[in-house]
Amino acid sequence: MAGPAEDRTDNREEHPARPDLAGRVYVAFLALLQIVMAVELVLLVLDEQWQSALIVVGIMFLIVTPLVLAPRFEVRIPAEFQLLVVAFVFASLFLGETLSYYERYAWWDTALHVSSSLLLGVFGFLLVYVLNEHRRIELQLKASFVALFAFLFAVAVGTIWEIFEYAMDQAFGMNMQKSGLDDTMWDLIFATVSAGAIALFGWWYMLRPEHSFIENWIHKFIQRNPRLFRRG
């Protein structure tokens, strides 16, 4: 990840490039999920399950929001990362809560917490790298610190999510915590182990000459947001 960001943004066009394959896959995947949820919404309405129907509407809106609001903001996130985030939201809120996958499959909750910690770790790398290379922020961070930040960021967000689950259970009588304290502690343990794994993986690749997928995503982010990395 070393090297001045301006070297990677020279001769870049100011306007965003046409959507690449990942971008087209992301849009197609988004459309497919909306169709699936629309069908479920119709079934819920016909069955007069109004609360579940309202939740599905909220999930549909949440998933499509980044695509709708993207033209209003100048910061563009790589389509690969957006694809993973949307898939996680769909698996967690729609499949997990609405279709009761948490009750059907004992491993569903654990799998989602592991995957979310991996995503948050990658996002932590992206965030601290942007801060490190921003034209208005003078930072020179070592690979070990970047990895530590990514780890702590993922664990912190995972902890906040557990607080959110507790609040929803207490306020609305939901069952997001499942088995209570045991569920919360195992979720935190899996989140910590997963965050540690992605932090070590990122640290190892930052010390190698080859590019990792994390760096490829970061380079895409730089390419599509050159204004954030112009110094002086």
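Each residue is numbered by its place in its chain's sequence as written, counting from 1. This being a predicted model, a pLDDT of at least 70 is required before a residue's local features are given, and a value of 80 or more before pairs of side-chain atoms are given or counted; all residues contribute to the totals for chains, interfaces and linings. Computation of side-chain values: all heavy atoms of the structure, hydrogens and water removed.

### What about the overall build of the chain?
Let me state the cut-off plainly: Strands are runs of DSSP state E lasting at least two residues, helices are runs of H or I lasting at least four, and both sets are numbered from the N terminus onward. Only protein chains enter the calculation, and the probe is 1.4 Å; a residue is then buried if its accessible area is under 20% of its type maximum, exposed if over 50%, and partly exposed in between. Whether two residues touch is decided by their heavy atoms; if any such pair falls within 4.5 Å, the residues are in contact. Only the protein chains shown count as covering a residue, and every accessible area follows the Shrake-Rupley method with a 1.4 Å probe.
From N to C terminus, the chain includes nine helices and zero strands. Reading the chain from its N end, one meets helices and strands in the order α-α-α-α-α-α-α-α-α. A total of 232 residues make up the chain; the buried ones form 39% of that total. If you take every contact in the chain between residues at least 6 apart in sequence, the share linking residues at least 24 apart comes to 73%. Accessible surface, the chain: about 13500 Å² in total, of which carbon and sulfur atoms supply 68%.

### Focus: the confidence of the model for the chain
The condition that has to hold: Confidence scores per residue from the predictor, reported as pLDDT, run from 0 to 100.
The pLDDT averaged across the chain works out to 76; a share of 76% of its residues lies at or above 70. Least confident of the elements in the chain is helix H1 (residues 5–9), whose mean pLDDT is 41; most confident is helix H2 (residues 21–46), at 88. Predicted confidence for residues 1–18 stays below pLDDT 50, and this span has 31 contacts to residues more than four positions away or in other chains.

### Concerning helix H7 (residues 143–172)
The α-helix winds at 3.6 residues per turn, so residues separated by three or four positions along the chain end up facing the same way. The criterion, for reference: A helix is expected to reach a length of 1.5 Å times the quantity of its residues less one.
Between its first and last C-alpha, H7 extends 43 Å over 30 residues, near the 44 Å set by a 1.5 Å rise per residue. Of the positions making up H7, those classed as buried are Ala-143, Val-146, Ala-147, Ala-150, Phe-153, Ala-154, Gly-158, Glu-162, Glu-165, Met-168 and Asp-169. Gly-173 lies just past H7 and shows a positive phi near 70 degrees.

### Some words on unusual backbone geometry
If you check the backbone angles, Glu-48 has positive phi at about 60 degrees while not being a glycine. Take Glu-48: it is sitting in the loop between H2 and helix H3 (50–69). For Ser-100, which is not a glycine, the phi torsion comes out positive at approximately 60 degrees. In this structure, Ser-100 sits in the loop between helix H4 (79–98) and helix H5 (101–104). In this structure Ser-100 comes out as partly exposed when scored by relative accessible area, which is 29%.

### Looking at the nonpolar core
As a reminder of what qualifies: The term nonpolar core refers to a set of buried residues drawn from Ala, Val, Leu, Ile, Met, Phe, Trp, Tyr and Cys, joined through side-chain atoms within 4.5 Å.
Ranked by size, the top nonpolar core spans 24 residues in total, and within it Met-37, Val-56, Ile-63, Phe-90, Phe-94, Leu-95 and Trp-108 carry the most contacts. Going through the elements one at a time, H2, H3, H4, H5 and helix H6 (108–133) are the ones with two or more residues in this core. Apart from residues lying up to four places away in sequence, Met-37 is in contact with Val-56, Ile-59, Met-60, Ile-63, Phe-90 and Phe-94. With eight residues, the next largest nonpolar core counts Phe-125, Val-128, Ala-199 and Met-206 among its residues.

### Side note on the side chain of Gln-34
With respect to the helices and strands, the residue Gln-34 is situated in helix H2. The class of Gln-34 is buried, set by a relative accessible area of 18%.

### With respect to a nonpolar patch on the surface
The following threshold applies: Like charges within 9 Å and nonpolar side chains (Val, Leu, Ile, Met, Phe, Trp, Tyr) within 5 Å are joined into patches, using only residues over 30% in relative accessible area that form no salt bridge. Salt bridges are defined by distance alone: a side-chain nitrogen of Lys or Arg within 4 Å of a carboxyl oxygen of Asp or Glu.
On the surface, Ile-35, Val-39, Val-42, Leu-43 and Leu-46 cluster together to form a nonpolar patch covering roughly 500 Å² of accessible area. Mapped onto the elements of the fold, Leu-43 is located in helix H2.

### So, the side chain of Ser-117
Keep this limit in mind: Whenever two N or O atoms come within 3.5 Å, that pair is a polar contact, provided that in protein one can donate a hydrogen and the other can accept it, and provided that, for residues adjacent in sequence, both atoms are side-chain atoms.
You can see Ser-117 is positioned in helix H6. A polar side-chain atom of Ser-117 sits 3.3 Å from the main-chain carbonyl oxygen of Ala-191. Not counting chain neighbours up to four residues away, the residues in contact with Ser-117 comprise Ala-154, Ala-191, Ser-194, Ala-195 and Ile-198.

### Points about the packing of H2 against H4
Packed helix pairs are specified by the crossing angle of their axes together with the interaxial distance, meaning the distance between the axes. Spelled out, the test is: Think of each axis as a best-fit line through the C-alpha atoms, taken over the contacting stretch in the case of a helix, with angles from 0 to 180 degrees between the N-to-C directions. Oblique is the label for any angle not under 35 degrees, not over 145, and not in the 65 to 115 range, which are roughly parallel, roughly antiparallel and roughly perpendicular in turn. Crossings are assigned a handedness: left-handed for a near helix turned anticlockwise from the far helix by less than a right angle, right-handed for a clockwise turn. Each residue gets one label: Ala, Val, Leu, Ile, Met, Phe, Trp, Tyr, Cys and Pro are nonpolar, Asp, Glu, Lys and Arg are charged, and the others, such as Gly, are polar.
For the pair H2 and H4, interaxial distance at closest approach is 9 Å and the crossing angle is 15 degrees. What the angle tells us is that H2 and H4 run roughly parallel. The interaxial crossing formed by H2 with H4 has left-handed handedness. Contacts between H2 and H4 involve Ala-22, Gly-23, Val-25, Tyr-26, Phe-29, Leu-30, Leu-33, Val-36, Met-37, Glu-40 and Leu-44 from the former and Ala-79, Glu-80, Gln-82, Leu-83, Val-86, Ala-87, Phe-90, Phe-94 and Thr-98 from the latter. A class-by-class count of the residues in the contact of H2 with H4 yields 15 nonpolar, three polar and two charged.

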